Amino acid sequence: MAMLETLRDEEQQKARTWGKVREKIDKEKSKRVAHYNAGLRGIVGKIDIGTIVYRRESSNRASYIQICKRNDPNIDQCIMNSIIALRPKLTEGIPELKVPSLDPLLFDEFVISNGGNLKAIGTNVVVRGASNYKIINIKVDIQKDKLRFEFEVTFPYMNIEGNYDVNLRILKIHIKGNGPFQSNNTDVDTRAILNGVIVERNGKKYLEYKSADLTVDWSIGNIMLGNLFNGDKTLGTAVNNALNQNKRAVMDALKPRIEKMVAKHVIDVANKINNQFTYDELFPEK
């Protein structure tokens, strides 16, 4: 009996000892599981944050816009490369940036007037060939709170058509009528200087172009105004012939107003892009 009691006591002691061991094992396991779960939550959290940052960067910096650092000594070439790379997107338009198609370029209304005897209205004007631009030169001057952007671009050809409504006098030629028009132009050379300033909105800095000095020169292939003088073919043919024989004078008469309208269009498109990105996103310092 004494032996049995001794064995029973030993078994009970072993059970108590094993129970303590199991308790320690369970506690250690609980600690490890808690540590693992905390680590997993941290990893998932980092993935979520990384995804948000990635999405934000992706939305703020479209892949087709090449970023040029403002301290880059070769920033002129960088911007030139960026504009060349943008050609496919500019051609079809960039709806997310509210930038219209470059080719064809559409104008609902095109008003040419000098406040005197020159007034012409073009509607539903379609310009083709603008996407074939060739950049001749670009020069950028970035200062602390402003930017000066000079460029020279040439277009091998441009075809312009639409509807016109005119009652004007050029070279003592009275032109009156309304109807379709067409003009084929070659070697369209554009030189422009855009002046921008850095403005602050909602605590962020943006580039905003305030003015543009722009000149355009081109060679007119031919001009055709349909339905002149209520469809009088004799007068219409005579006026069209006179216009095409005096292309330079026609260009000089229309040129100042066309330059103003083109300059406005350039500023509008440039600022639509600028409004979507902060200054530091477009031209980071480093």
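Residues numbered from 1 in each chain as written. Predicted model: local features only at pLDDT ≥ 70, side-chain atom pairs only at ≥ 80, totals over all residues. Heavy atoms only, no water.

So, helix α4 (residues 233-245)
Along its 13 residues, α4 runs 18 Å from first to last C-alpha, staying within 8% of the 18 Å computed at 1.5 Å per residue. Restricting attention to buried positions, one finds in α4 the residues G236, V239, N240, A242 and L243. Take α4 and look down its axis: the buried residues cluster within an arc of 160°, on one side only. Away from its buried face by more than 90 degrees, α4 exposes K233, T234 and Q245. Each element contacted by the buried residues of α4 is listed here: β5 (173-201), β6 (204-225) and α5 (247-274). Two or three places before T234, at the opening of α4, D232 has a side-chain oxygen 3.1 Å from that residue's backbone nitrogen. (Helix = DSSP H or I, 4+ residues; strand = E, 2+ residues; numbered from the N terminus. Expected span 1.5 Å × (residues − 1). Buried < 20%, exposed > 50% of the residue type's maximum accessible area, 1.4 Å probe, protein only. Arc of directions from axis to C-beta. Contact = heavy atoms within 4.5 Å. Polar contact = N/O pair within 3.5 Å; in protein donor to acceptor, adjacent residues only side chain to side chain.)

With respect to the nonpolar core
Core analysis: the biggest nonpolar cluster contains 68 residues, and F149, I175 and F283 have the highest contact counts within it. Leaving out residues up to four positions away in the same chain, F283 has contacts with C68, R70, I75, I79, I142, L147 and L207. (Core = buried A, V, L, I, M, F, W, Y, C linked by side-chain atoms within 4.5 Å.)

Structural notes on the side chain of S183
Mapped onto the elements of the fold, S183 is located in strand β5. A distance of 3.2 Å separates the side chain of S183 from the side chain of N185, its partner in a polar contact. Aside from chain neighbours lying at most four places away, what touches S183 is M158, N159, I160, I220, N222 and I223.

A look at the pattern of salt bridges
Evaluated as defined, the whole model comprises 11 salt bridges. In this structure, K89 engages E92 in a salt bridge whose closest nitrogen and oxygen atoms are separated by 3.5 Å. Here E92 and K89 lie together in helix α3 (residues 87-92), a separation of three residues that amounts to about one turn. On the accessibility criterion, K89 (22% relative accessible area) is partly exposed. Exposure remark for E92: the relative accessible area of 56% places this residue in the exposed category. Its salt-bridge partner being E161, residue R128 comes within 3.2 Å of it at the nearest N-O pair. Within this pair, whereas R128 is found in strand β2 (residues 119-128), its partner E161 is found in strand β4 (residues 146-170), the two being separated by 33 residues in sequence. By relative accessible area, which is 38% here, R128 ends up partly exposed. Residues joined in a network through salt bridges with shared partners are R70, D280 and E285. (Salt bridge = Lys/Arg side-chain N within 4 Å of Asp/Glu carboxyl O.)

Some details on the confidence of the model for the chain
Summing up the model confidence of the chain, the mean pLDDT is 79 and the portion of residues at 70 or higher is 77%. Here residues 1-8 is a poorly scored stretch, pLDDT under 50, and it has zero contacts once near neighbours within four places are set aside; other chains count. For residues 32-59, every residue scores under 50 in pLDDT, and the model assigns this stretch one contact once sequence neighbours within four places are set aside. (pLDDT = per-residue confidence, 0-100.)

Observations concerning the environment of F181
Structurally, F181 is set in strand β5. Take F181: its relative accessible area is 16%, and that puts it in the buried class. Counting along the chain gives 42 residues from F181 to I223, while the straight-line C-alpha distance between them is 7.6 Å. What F181 contacts, discounting residues up to four positions off in sequence, is V125, I160, E161, G162, N163, Y164, M224 and L225.

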